[in-house]
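# Commentary on secondary and tertiary structure
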Amino acid sequence: MTTDVESAIAQVFREEWGRVVATLIRRTGDWDVAEESAQDAFALAIVRWRRDGIPENPGGWLTTTAANRAIDRLRRAAKGKEKLREVAAMAHAEDPSDTDESGIADDRLRLIFTCCHPALPLDARVALTLRTLAGLTTGEIARAFLVSDSTMAKRLVRAKGKIAHAGIPYRVPPAHLLAERTQAVLGVIYLLFNEGYSASAGADLVRSGLCDEAIRLGRTLARLMPDEPEALGLLALMLLHDARRATRIDGAGDLVPLEEQDRTRWDAEAIADGLEVLDRALRRAQPGPYQAQAAIAACHATALDAVATDWVEIAALYGTLARMAPSPVVELNRAVAVAMADGPEAGLRLVEQLEASGALRGYRLLFATRADLLRRLDRRAEAATAYRCALDLTGNDAERRYLARRLAETSVQR
């Protein structure tokens, strides 16, 4: 029973954390009270659900419990009778049709737009939303941004403070102001998807709840901004990647590389949906980074097998992407594509240039990529060293097992 309860709480956390926190922020206007009250509710669930069983509506139970905790905190802090009445009303009735002037009945999307206010630095906007909406730890977000935990913690505190002091409203802005927040909102949704698709830490490689939530938000955003081709590009990219979700791990929970995945198990409906959305985006003739990435994903999704993959086209698309959105991570991916198109020596030269630049210092995939290319070149001792470096930097259990297997293969004496 204990295991069932803990599994249920873990699943509900993944699915409901963002909604509970977003609802509390809207009603209280206090980010810290919202997060702390939600944490209290989840902690209480562990105790109560073990004793009384899992409620029929776990999300509703958590929202009500968190609201009651918020009332207690606000009462102790003497925040004012009017605010207390608002939160008390929330504890007794949560109206799913509640909307602001934007007409968007989605607290989580409102939260993204609040976090992505142009008064905040771009990296702070994205980080704050991932922390609040997805419940990602400061460490997980820090790894996504390639900075230390302490640096990211300071950024989050500053961002919350600025929202409070500047009186940034909790709403989706009117249409004429959407454009100034688009880049950050797209970035938030994509990083949310990435953390679900390839978790930075923990036992599971894939966090399905985060993938589903990112795609849901992507669809909502595409409806909200029907003339924004990059919103369509992002949705297409997520759909095409997500189509491979079920084949990325085997029955034991171990990572399966792309070239070894069973393509007959890829989600044909999601691929068709993604290709249709991408086509709609491209017809607008306003190319952008998300459309370029979706085009790369389409090359993989439409190849009959690994051998049929058009790596020359993928390498060219990564070159285009690098010009649109210069990034060392993009350059690393381009190096992989070049290695597949022109041979591992060509890819390794690009990886070594990146390593020498120091731009990806401490990035696990830089070492994992270098190790794989060295292995393919039969430079086993060097490959083993690189695999050890990648292992030291990897927090996800499935990735660690994969790297350990590769390390063992390169370490076997002939």
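The structure this text deals with has already been given above.
In this report, we go over the structure that sits alongside the text.

Definitions and limits used
Residues numbered from 1 in each chain as written. Predicted model: local features only at pLDDT ≥ 70, side-chain atom pairs only at ≥ 80, totals over all residues. Heavy atoms only, no water. Helix = DSSP H or I, 4+ residues; strand = E, 2+ residues; numbered from the N terminus. Buried < 20%, exposed > 50% of the residue type's maximum accessible area, 1.4 Å probe, protein only. Contact = heavy atoms within 4.5 Å. Core = buried A, V, L, I, M, F, W, Y, C linked by side-chain atoms within 4.5 Å. Phe/Tyr/Trp six-rings, centres within 6.5 Å; stacked < 30°, edge-to-face > 60°. Lys NZ or Arg CZ within 6 Å of the ring centre and 35° of its normal. Salt bridge = Lys/Arg side-chain N within 4 Å of Asp/Glu carboxyl O. Expected span 1.5 Å × (residues − 1).

This part is about the overall build of the protein chain. For the protein chain, the count of helices and strands is 19 helices and two strands. Counting over 414 residues, the protein chain shows a buried share of 51%. Within the protein chain, contacts between residues at least 6 apart in sequence are counted, and of these 64% link residues at least 24 apart.

Attention now goes to the side chain of Thr 182. Along the chain, the position of Thr 182 falls in helix H9 (residues 179-197). With residues near it in sequence (within four places) discarded, Thr 182 still touches Met 225 and Glu 228.

Below, the discussion takes up the nonpolar core. Among the nonpolar cores identified, the biggest contains 82 residues, and Leu 62, Ile 112 and Ile 189 are the most heavily contacted of them. Leaving out residues up to four positions away in the same chain, Ile 189 has contacts with Ile 112, Ala 214, Leu 217, Gly 218, Leu 221, Leu 234 and Met 238. One finds Leu 332, Leu 374, Tyr 402 and Leu 407 within the second-largest nonpolar core, a separate group that totals 40 residues.

Considering all chains together, one arrives at three aromatic pairs under this definition. An angle of 70 degrees between the planes, with centres 5.5 Å apart, marks the rings of Trp 49 and Trp 61 as edge-to-face. Of this pair, Trp 49 sits in helix H2 (residues 31-52) while Trp 61 sits in helix H3 (residues 58-77); the two residues are 12 residues apart in sequence, bridging distant segments of the chain. An angle of 90 degrees between the planes, with centres 5.6 Å apart, marks the rings of Tyr 190 and Tyr 290 as edge-to-face. Taken together, the residues span a long stretch of sequence, with Tyr 190 in helix H9 and Tyr 290 in helix H13 (residues 289-302) at a distance of 100 residues. Its end group placed over the ring of Trp 266, Arg 244 keeps NZ or CZ at 5.7 Å from the ring centre.

A few words now on the pattern of salt bridges. According to the stated counting rule, one finds 22 salt bridges in the structure shown. A salt bridge links Lys 160 to Glu 35, with the nearest nitrogen and oxygen atoms 2.8 Å apart. You can see Lys 160 sitting in helix H8 (residues 149-166) and its partner Glu 35 sitting in helix H2, a full 125 residues away along the chain. The residues Lys 160 and Glu 35 share a single accessibility class, namely buried.

Note: α-helices contain 3.6 residues per turn, so residues at a spacing of three or four share the same orientation. In this model helix H17 (residues 364-376) runs 19 Å from its N-terminal to its C-terminal C-alpha over 13 residues, within 8% of the 18 Å that 1.5 Å per residue would give. Within H17, burial applies to Arg 364, Leu 366, Phe 367, Ala 368, Thr 369, Arg 370, Ala 371, Leu 373 and Leu 374. The elements touched by buried residues of H17 are helix H15 (328-342), helix H16 (344-357), helix H18 (380-393) and helix H19 (397-411). Immediately beyond the C-terminal end of H17, within one or two residues, lies Asp 378, with a positive phi of roughly 65 degrees.

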